[in-house]
Amino acid sequence: MAKTSTFAALPLTNFKSPSLFRVKNSSFISFTDTHFLRQSNSTSIVRSSTLRGIGFVSCSSVTDEASSEELQVQTLTWKWKGYSIRYQCAGTSGPALVLVHGFGANSDHWRKNTPILGKTHRVYSIDLIGYGYSDKPNPREFGGEPFYTFETWGEQLNDFCLDVVKDEAFFICNSIGGLVGLQAAVSKPEICRGLMLINISLRMLHIKKQPLIGRPFIKSFQNLLRSTPIGKLFFKSIAKPETVKSILCQCYHDSSQVTDELVEAILRPGLEPGAVDVFLEFICYSGGPLPEDLLPLVKCPVLIAWGEKDPWEPIELGRAYSNFDAVEDFVVLPEAGHCPQDEKPEVVNPLIESFVARH
């Protein structure tokens, strides 16, 4: 059983030497100390010859503006199975980290993490297919077979490590990205060195978590959304700056962190052609794996971090995941909501660094 810790940091204005406070045994770890424990040598991974050449990386890139204290973040394109996949990267040495966003988000949701972590790591944040500025193939093109599933995204994540990272990697995941990371780690355990799950989705709308009597009605409602204009009208009603801001204010404990920049980063790619079909397909995706299905199968170390003020994924339910053997720690993030990596980067970035340093 994993121990439970509380993770806190000094305010950002005093962020020269923040600290990690572990309630259990009152132990204390200084991030200034753990900085020197980071691994600098990466190990090779076993690559199947049948998987080589799945994609290629475009040579063209866009470099974001960065402050003098942060690394520049490059934006590049990777071709995967004929589809264009956007990703961002920073850093040239140290262990590889792949940052995986949640539902409706994209790699920009890691904009406060990528340049900081890139100082001592090779950091990649990826737009899952269907999200951000990656291609959004119409789900109806696949002959009735579900395409936007955790199996698809898990395969994308592993292939990305083979083709682009070319190394083992730590998967740092938020919300449904946690299911993607788990699925990838279970499918190809030789690729994932460790998993950090930040407010992983409990998937409370999964069909297994619905009462038997209500399941037929759920299926009928999902078909209504996907097959009639009602779904697109619903999407149109929420794909507005004021609505997106209102939704984000619900899941961020500190609503001052819901800036116009954040709203723009989430909304703009959601207005691209094909985004509405992906949105409707996923909100109607009530099958597939649950975290409790995948956690017993994981071979790598897992750290679960949870914003204690998350209104969507209650921490009381999330604590149950600490009972799985692979979970080495369950860390409570005080005064944080569903997306602590963006709301409390001054807390989450050092936590990521300390987790990677231990492995």
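Every chain's residues receive numbers from 1 upward, in the order its sequence appears when written. Thresholds applied to this predicted model are a pLDDT of at least 70 for local features of residues and 80 or more for the giving and counting of side-chain atom pairs; totals over whole chains, interfaces and linings are not thresholded and use all residues. Processing note: side-chain calculations cover all non-hydrogen atoms of the structure and skip hydrogens and water entirely.

- Looking at an unreviewed UniProt entry, the protein chain carries the name Pheophytinase, chloroplastic-like, with the source organism given as Camelina sativa.

## A word on the overall build of the protein chain
Phase 1: Helix and strand counts for the protein chain stand at 13 helices and 13 strands.
Phase 2: When a residue's accessible area, from a 1.4 Å probe over protein chains only, is under 20% of the maximum for its type it is buried; when over 50% it is exposed; and in between it is partly exposed. Across the 359 residues that make up the protein chain, the buried fraction comes to 53%.
Phase 3: The contacts of the protein chain with a sequence gap of at least 6 include a subset with a gap of at least 24, amounting to 73%.
Phase 4: Of the roughly 15,800 Å² of accessible surface on the protein chain, a fraction of 56% belongs to carbon and sulfur atoms. By the criteria applied, helices consist of DSSP H or I runs no shorter than four residues and strands consist of E runs no shorter than two, each listed in order from the N terminus. What makes two residues a contact is simply this: any of their non-hydrogen atoms within 4.5 Å. Note on areas: Shrake-Rupley with a 1.4 Å probe; residue coverage comes only from the protein chains shown.

## Describing the environment of P340
Phase 1: Inspection of the secondary structure puts P340 in helix α12 (residues 340–343).
Phase 2: Residue class for P340 comes out buried when judged on its relative accessible area of 0%.
Phase 3: With 141 residues separating them along the chain, P340 and N199 place their C-alpha atoms 8.1 Å apart.
Phase 4: Those residues in contact with P340 that sit more than four places away from it in its chain are N174, I198, N199, G307, L333, P345 and V348.

## Let's talk about the packing of aromatic side chains
Phase 1: Only Phe, Tyr and Trp rings are paired, with Trp represented by its six-membered ring, and only when their centres lie within 6.5 Å; those with planes under 30 degrees apart are stacked, over 60 edge-to-face, the remainder tilted. Considering all chains together, one arrives at 18 aromatic pairs under this definition.
Phase 2: Ring centres of Y83 and F147 lie 6.4 Å apart, and the angle between their planes is 55°; on these two criteria the pair is classed as tilted. Here the residue Y83 occupies a position in strand β7 (residues 83–90), and F147 occupies one in the loop between β9 (122–126) and α3 (150–165), the gap between them amounting to 64 residues.
Phase 3: Measuring from ring centre to ring centre gives 5.8 Å for Y124 and F160, while their planes differ by 80°; the resulting arrangement is edge-to-face. With Y124 in strand β9 and F160 in helix α3, this residue pair connects regions lying 36 residues apart in the sequence.

## Some remarks on the pattern of salt bridges
Should the charged atoms of two oppositely charged side chains come close, the side chains can pair.
Phase 1: Salt bridge, as applied in this entry: a Lys or Arg side-chain nitrogen positioned within 4 Å of an Asp or Glu carboxyl oxygen. Tallied over the full model, the rule gives 11 salt bridges.
Phase 2: Between R111 and D342 there is a salt bridge; the shortest N-O distance is 2.7 Å. With a gap of 231 residues between them, R111 in the loop between β8 (96–100) and α2 (114–117) and D342 in helix α12 connect regions that are remote in the sequence.
Phase 3: The exposure class of R111 is partly exposed, given its relative accessible area of 21%.
Phase 4: Put simply, D277 and R140 hold a salt bridge, and the shortest N to O gap is 3.5 Å. Of this pair, D277 sits in helix α9 (residues 275–283) while R140 sits in the loop between β9 and α3, and the two are 137 residues apart along the sequence.
Phase 5: According to the relative accessible area criterion, D277 is buried, its value standing at 13%.

## Some thoughts on the environment of R226
Phase 1: Following the sequence through the fold, R226 ends up in helix α5 (residues 215–227).
Phase 2: Note: C-alpha distance between R226 and D277 (51 residues apart in sequence) is 7.9 Å.
Phase 3: Other than its neighbours up to four places away in sequence, R226 contacts R140, L280, E281 and C284.

## Digging into the layout of surface pockets
A water-sized probe, rolled over the atoms, reveals where empty space remains.
Phase 1: Any residue with an atom within 4 Å of a point lines the site, the site being either a cavity, points on a 1 Å grid over the protein atoms alone where a 1.4 Å probe fits but cannot get out, or a pocket, an open set with protein on both sides within 12 Å along at least 5 of 7 lines. Grid points are joined across faces, edges and corners, and a volume is the space filled by probe spheres set on the points. Here the largest pocket defines a volume of roughly 1,400 Å³.
Phase 2: Surrounding the largest pocket, 47 residues form its lining, F103, G104, F279, I283 and W312 being those nearest its centre.
Phase 3: Considering each element in turn, the lining of the largest pocket owes the most residues, five residues, to α9.
Phase 4: Residue polarity is assigned by list, with Asp, Glu, Lys and Arg as charged and Ala, Val, Leu, Ile, Met, Phe, Trp, Tyr, Cys and Pro as nonpolar; anything else, Gly included, falls into the polar class. The residue inventory of the lining of the largest pocket, partitioned by class, reads 29 nonpolar, 15 polar and three charged.

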